[in-house]
Amino acid sequence: MDKIAPFHNLNPHILQNPSLTHSHNHKPHKTHSFTSLAVTHTSPETPLLPSLSCEITTLNSVKALHAQIIKMSDKPSWDTITMGNSTLITYYLDFGDFNSAAMLFFLGFVRNHLIWNSFLKEFTSFGGDPRRILAVFTDLHCRGVVFDTRLLAVVLKICARLKDLWLGVEIHACLIKRGFVLDLYLNCALINFYGRCGGIESANQVFHEMPDKEDLLWNEVIMENLRNERCVEALDFFRDMNVSIGKINCGTIVKVLQACVKMGALNEGKQIHGYVLRCGLESNLSICNSLINLYSKNDRLELARIVFESMRDRNLSSWNSIISGYAGLGCLNVARDLFHEMEVSGVKPDIITWNCLLSGHSLHGSFKEVINILQRMQGVGCRPNSSSITSVIKAVIKLGFINFGKEIHGYVTRNALDHDVYVGTSLLDMYVKTNCLTSARAVFNNMKNRNIFAWNSLISGYSYKGLFEDAEKLLNQMEKEGIKPDLVTWNGLVSGYSMWGCSKEALAVIHRIRSSGLTPNVVSWTALISGCSQNESYEASYEFFIQMQEEGIKPNSATISSLLRTCAGLSLLHKGEEIHCLSIKYGVTEDAFVATALIDMYSKSGKLKNAHEVFRKIQNKTLASWNCMIMGFAIYGFGREVISLFDEMCGVGIQPDSVTFTAVLSGCKNTGLVHEGWKYFDDMSTYYNIIPRIEHYSCMVDLLGRAGYLDEAWDFIQNMAQKPDATIWGALLGSCKIHKNIEYAELAAKKLFELEPYNSGNYVLMMNLYAISNRWEDVERIKASMGVLGVKNFHVWSWIQIDCKIHFFSAEEKPHPDTGEIYFELYNLVSEMKKVGYVPDVSCVYQNIDEVEKEKVLFGHTEKLAITYGLMKMKTSTTIRVIKNTRMCSDCHTAAKYMSLVRNHEIVIKDGVRFHHFRVGNCSCNDCW
């Protein structure tokens, strides 16, 4: 055989310098003593070597023994000389002679080609540099040693393992020169070498150049393409092999199915399933488990179940695959049933099984069940690991069980799980989201490996609490430690600043994002818009949306939801309808948050019918969407519809929460349904285990008071489980004004003046009540008290939108440009109204003047002016929508009914309390307001 040209990329000086032959980093050797040595030969004709007595204490004694063996046998098998539990190779490694060990490996290769991987591990375990093995190979090659194809295949595999590209390429070149390019094993090794060293195209070229493609070669090229994440190419090779009637081994099929899962290639996976059936491989456990995983991850649980049920033998992995599929897709009851069936069949669940259940329940919002599963898991002696803990912590956050979370933290510390960066970040997130920032900082400080998620979580935690100085300091520390803030970091600051009403600072952070080399994305702008909307800075919210559009950033569902909240806050129907069109354009109307925001917007903009249409179109209604629709009916005074919708919600299995009952009780109070209100208030704690909150008590006081049961309302307040706040006393005072009860009003006012000394509305209510009773001295006394405290009356205003323009009417500010025409039209309108029965209610004027002057004052009420202007400028078919910031007086309420009658025009007024829908002389509130 021709002598191979020397390989020049490795320096053979290691072999030629005796001082380098011994490593100082190898493990300390032991003294070995043997009374006999049996030599096992590769050939049965070779007689056993005679017994030898020797003691292995030094490297020289190993070499002496080696020399003795060479002299005593013509065909020694050096690597298989059994001396206790060691071989000559092991002894050379033990004494640090790595070159001799490698040389023995190559020269005794007849028996070594199957255990090369074990040799490589042993070599490194003794402190040897694996590159020495290739150096020895190069030296032996240069000395003229000729190696067969199997050894060269092993050397290529070692090159692949060590990423030694150039030596592998030289070997390939020599193989071509020597005519070994058609050898099957060498080509498999070459494909493996190029695939692992980053040259997958070269690997595929080696494959294509082989004239006869045997099964082993097909399997190798498919596996290498999969390792390099060339899934499409791997599937193409699989298809070509199938056409060429090649046989793919089970391991390759499993890997190809895994690739289909990764790509979401369900149809290709089905084709492979067909191949499996044709080849009779459907009994292979690994393949069946992979098929279950394929169908589960592609939301085809029925096919996964068919595969599972067809399996005669199921192992633990089979059960885990099917349980994981059902749990991951939210079929939690089925997952639990399968878990029970698994236990009955005698298969013991492992940590993976339990984690599948934990993650599935956590992912799909069954948080209490997560806690129950954890307790069951510990009850059978299965110790939670890092994955278990992260699922449980998510449930703890959602449930707000901070004390239980602290117990989990203790478990993590005791079991040394806090070194896991995901566990540490989850604990940090738990403390941040439960407002325990001191504990969050302690966890953060104890984390050895802080990833950017940990930094972002704490920075956002400080920002949301308004601790901007701490957040900025942490940001500076983050940059000093060499971690560059990403968009999530900056967006946390943007959201925090905007939520706390610091829109200028939030916008400054947007500019800082650009300065850092990043580009503000939709999340950045949405954080700004959402924060402003939550802070009721609705105008700023809309202005930022315009800037966002100018920068060409497409809104997402969160942006749309925030904008709709802005429109609802301002009752901007036309803008809300535009945003609705945007949601349709961008295909986000199916989003639960967007749909709920649309219901809220239409409800608060005076289009309850549209809100109900949106609600009915939602396929998977969330609790929030039910609550929003119930509240929509409630603010319009449709109490019966509220109760009907509540019953419907319970009928489809949606469990009500405290917000639901606030909406239901609001519907009852706005309709005067006292009996029903009492029922639902009692049902809260009796049937739904919901403890009434202050807003529920406030609704009950309002309900009883408006209905005239002031004594019952007073007794209810005295027996409340919570201390009454301003909303409770305000509800009582409002009811006292309706029924002109000064006794209870004075008691309520006294409490309100203590709780809200600067709320002018409370003083005004008392002045109005005193004025109705002609107690003008008390009116002056209240005015004097306001003057002493510096309390000023808030401005009363109403507005109407006509042709996309807002027309504002205020008693204190500059009059409307068309005031003269409006008063003229209103005078004529009142004359018409009087002909059909309208009588001005002058008791609504709380000034000590004569009746004629009081009637003139009624003309100046802002809602009357807004309605009149709407009647002047809008067509009969268009509903007039007026927004007022305070509660309507009884005269304006009566006047609006007559206006809708004499002009045959629908009128919707949103006052400071609720909606009134006037149609042909009637109001939706049925005069219960």
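Structure: above.
Our subject in this report is the structure included herewith.

Calculation rules
- Residues numbered from 1 in each chain as written.
- Predicted model: local features only at pLDDT ≥ 70, side-chain atom pairs only at ≥ 80, totals over all residues.
- Heavy atoms only, no water.
- Phe/Tyr/Trp six-rings, centres within 6.5 Å; stacked < 30°, edge-to-face > 60°.
- Helix = DSSP H or I, 4+ residues; strand = E, 2+ residues; numbered from the N terminus.
- Buried < 20%, exposed > 50% of the residue type's maximum accessible area, 1.4 Å probe, protein only.
- Pairing = 2+ DSSP bridges.
- Salt bridge = Lys/Arg side-chain N within 4 Å of Asp/Glu carboxyl O.
- Disulfide = S-S within 2.5 Å.

**With respect to the packing of aromatic side chains**
Summed over the entire model, instances satisfying the criterion amount to 25 aromatic pairs. Measuring from centroid to centroid gives 5.6 Å for Phe-681 and Phe-716, while their planes differ by 70 degrees, and the two rings are edge-to-face. Of this pair, Phe-681 sits in helix 39 (residues 674-687) while Phe-716 sits in helix 41 (residues 710-718); the two residues are 35 residues apart in sequence, bridging distant segments of the chain. Since its relative accessible area comes to 8%, Phe-681 is described here as buried. Summarising the aromatic geometry, the rings of Tyr-827 and Phe-859 are spaced 6.5 Å apart at their centres and angled 25 degrees between planes, so their arrangement reads as stacked.

**What to know about the sheet that holds strand 6 (residues 907-910)**
Whenever strands of a sheet pair, they do so through backbone hydrogen bonds, lying parallel or antiparallel. One open sheet accounts for six strands, arranged 4-3-5-6-7-8; its pairing is mixed. Of all the strands in the sheet, just strand 4 (805-810) and strand 8 (922-923) have a single pairing partner and so form its edges.

**Considerations on the pattern of salt bridges**
Side chains that differ in sign of charge can pair as their charged atoms come close. Applying the stated criterion across every chain, the model contains 30 salt bridges. With its nearest N and O atoms 2.8 Å apart, the salt bridge here joins Glu-309 to Arg-305. Highlighted residues: Glu-309 and Arg-305, both in helix 17 (residues 301-310), separated by four residues, approximately one helical turn. Residue classification places Glu-309 among the partly exposed residues on the basis of a relative accessible area of 42%. Given a relative accessible area of 23%, Arg-305 falls into the partly exposed group.

**As for the state of the cysteines**
Disulfide: a covalent bond formed between the sulfur atoms of two cysteine residues. Tallied over the entire structure, the rule returns zero disulfides. The structure places no disulfide on Cys-356, whose sulfur is separated from the nearest cysteine sulfur, that of Cys-382, by 12 Å. Exposure remark for Cys-356: the relative accessible area of 12% places this residue in the buried category. A disulfide-free cysteine, Cys-699 has its sulfur positioned 9.1 Å from the sulfur of Cys-668, the nearest such atom.

**Brief notes about the pairing of strand 3 (residues 797-802)**
With five of six residues buried, strand 3 is to be regarded as a mostly interior element. When strand 3 meets strand 4, the two strands line up antiparallel, connected through six bridges. Looking at strand 4, one finds that Ser-798 is bridged to Phe-809. The antiparallel hairpin formed by strand 3 and strand 4 contains two residues in its connecting segment, where Asp-803 sits at a positive phi of about 55 degrees. As judged from the three bridges shared by strand 3 and strand 5 (residues 880-884), these two strands associate in the antiparallel manner. Paired with Ile-800 across the bridge in strand 5 is Val-882.

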